[in-house]
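So you can see what is in the structure, the chains are spelled out below.
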Amino acid sequence: MLTMSEPATVPDPNSPANMLEADLVRHARRGDLKAYDELVRRYQERIYATIYHMTANHEDTNDLAQESFIKAYTALKSFKGGSSFYTWLYRIAVNKTINFLKQRRNKHHLSLNDMDFNAEHDPDLVALISDKTPHRDVNLSELQKKLNEALLKLSEPHRMVVVLHDVQGVSHEEIAEVLGCNIGTVRSRLFYARQQLQGYLAEYLKS
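Here's what I pulled together on the structure shown here. (Residues numbered from 1 in each chain as written. Predicted model: local features only at pLDDT ≥ 70, side-chain atom pairs only at ≥ 80, totals over all residues. Heavy atoms only, no water.)

1. Thoughts on the overall build of the protein
Which entries qualify depends on this criterion: A run of DSSP states H or I qualifies as a helix once it reaches four residues; a run of E qualifies as a strand once it reaches two. Both are numbered from the N-terminal end. Buried means the residue's accessible area, taken with a 1.4 Å probe over protein chains only, is under 20% of the maximum for its type, while exposed means over 50%, and partly exposed covers the values in between. Here a residue-residue contact requires only that any non-hydrogen atoms of the pair lie within 4.5 Å. For accessible areas, the Shrake-Rupley method is used with a probe of radius 1.4 Å. Any residue's cover is judged against the shown protein chains and nothing else.
Helices and strands together make up the secondary structure of the protein, namely 10 helices and 0 strands. Start at the N end of the protein and walk to the C end: the helices and strands fall as α-α-α-α-α-α-α-α-α-α. Within the protein, the proportion of its 207 residues that are buried is 39%. For the protein, the proportion of contacts with a sequence separation of at least 24, taken over those separated by at least 6, is 67%. Carbon and sulfur atoms make up 51% of the accessible area of the protein, which amounts to about 12100 Å² in all.

This is how it looks when you write it as structure tokens:
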């Protein structure tokens, strides 16, 4: 017995979820909030993760992420399209975070108790500090504590390149755009930061 199949649903090309980034930006610049909401949906996890790995505090991260998206919306007309939208957005979020950290450092010294960084959620960073050690069971609780301490010892610029490249997977070129520096500076900061992390964690890795 033949049955009639239901017609296939044709995606609506005008739906924000099906639009290209450039089209979403163009619509958002015209005041289309649905288009901007779609941009937020696409990038909020990456922006949140980047800020969180710099602040290590969920409440601060929520505030900074929200402020970054608000600032990006109000400044959309200044976006010239020379880079991708998310790179431009990253730059806003990074600058806000760095300024926040400077203000916080001036108010009080950040202690290990302020950190809630979860090492097990960042296998790339775990691999970064353990790739030259024999395979062994990793005590994640102890590793988390050591990572917290090591990351706190890095300056904001060096911590940022580690977070962007080794945790978020952002390319050297994109990091250079985000931070407003050349690729050579990014590479040297990343090399120095890795050396520092391995140095800070040397005793733990030997045990």
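Back to the write-up after that little detour.
2. Section: the packing of aromatic side chains
This is how it is decided: Between 30 and 60 degrees the pair is tilted, below 30 it is stacked and above 60 it is edge-to-face, where a pair is any two Phe, Tyr or Trp rings, Trp via its six-membered ring, whose centres lie within 6.5 Å.
All chains considered together, the criterion is met by 8 aromatic pairs. Consider the rings of Y86 and Y90, whose centres lie 5.6 Å apart with planes at 85°: the pair is edge-to-face. Residue Y86 and its partner Y90 are located together in helix α4 (residues 85-107), separated by 4 residues, close to a single helical turn. Residue Y90 is classed as buried on the basis of its relative accessible area of 2%. In textbook terms, an aromatic cluster arises when at least three aromatic residues are bridged by ring pairs, as seen for Y43, F79, F85, Y86, W88 and Y90.

3. Examining the packing of helix α1 (residues 21-29) against helix α2 (residues 33-55)
As a reminder, the rule being used: All axes are obtained by fitting lines to C-alpha atoms, using only the stretch in contact for helices, and the reported angles, taken between N-to-C directions, cover 0 to 180 degrees. Convention used here: angles under 35 degrees read as roughly parallel, angles over 145 as roughly antiparallel, angles from 65 to 115 as roughly perpendicular, and any remaining angle as oblique. Crossings are classed by handedness, with left-handed meaning an anticlockwise turn of the near helix from the far one by less than a right angle and right-handed meaning a clockwise turn. Only Asp, Glu, Lys and Arg are considered charged in this grouping, and only Ala, Val, Leu, Ile, Met, Phe, Trp, Tyr, Cys and Pro are considered nonpolar; every other residue, Gly among them, is considered polar.
Across the interface, α1 lies against α2 with an axial gap of 8 Å and an inter-helix angle of 135°. What the angle tells us is that α1 and α2 run oblique. The handedness of the crossing between α1 and α2 is left-handed. On the side of α1, the interface is formed by E21, L24, V25, H27 and A28, while α2 contributes A35, Y36, E38, L39, R42 and Y43. In the contact of α1 with α2, the residues fall into 7 nonpolar, 1 polar and 3 charged.

4. What about the nonpolar core?
Note the threshold: For the purposes of this section, nonpolar cores are sets of buried Ala, Val, Leu, Ile, Met, Phe, Trp, Tyr and Cys residues that join through side-chain atoms within 4.5 Å. Either an automatic procedure or a domain database provided the assignment from which the domain bounds are taken.
Core analysis: the largest hydrophobic core is formed by 47 residues, its most contacted members being Y36, L39, I47 and F85. Elements represented by at least two residues in this core include exactly α1, α2, α3 (58-74), α4, α6 (140-153), α7 (156-167), α8 (172-179) and α9 (183-200). The leading source of residues in this core is α4, at 10 residues. Inspection of this core shows a minimum of three residues originating in each of domain 1 (17-113) and domain 2 (134-207).

5. So, α1
Our working rule: Throughout, the arc means the angular range of directions from the helix axis out to the C-beta atoms.
Turning to α1, its buried residues are L24, V25 and A28. For α1, the angular spread of the buried residues around the axis is 100°, confining them to a single face. Immediately beyond the C-terminal end of α1, within one or two residues, lies G31, with a positive phi of roughly 100°.

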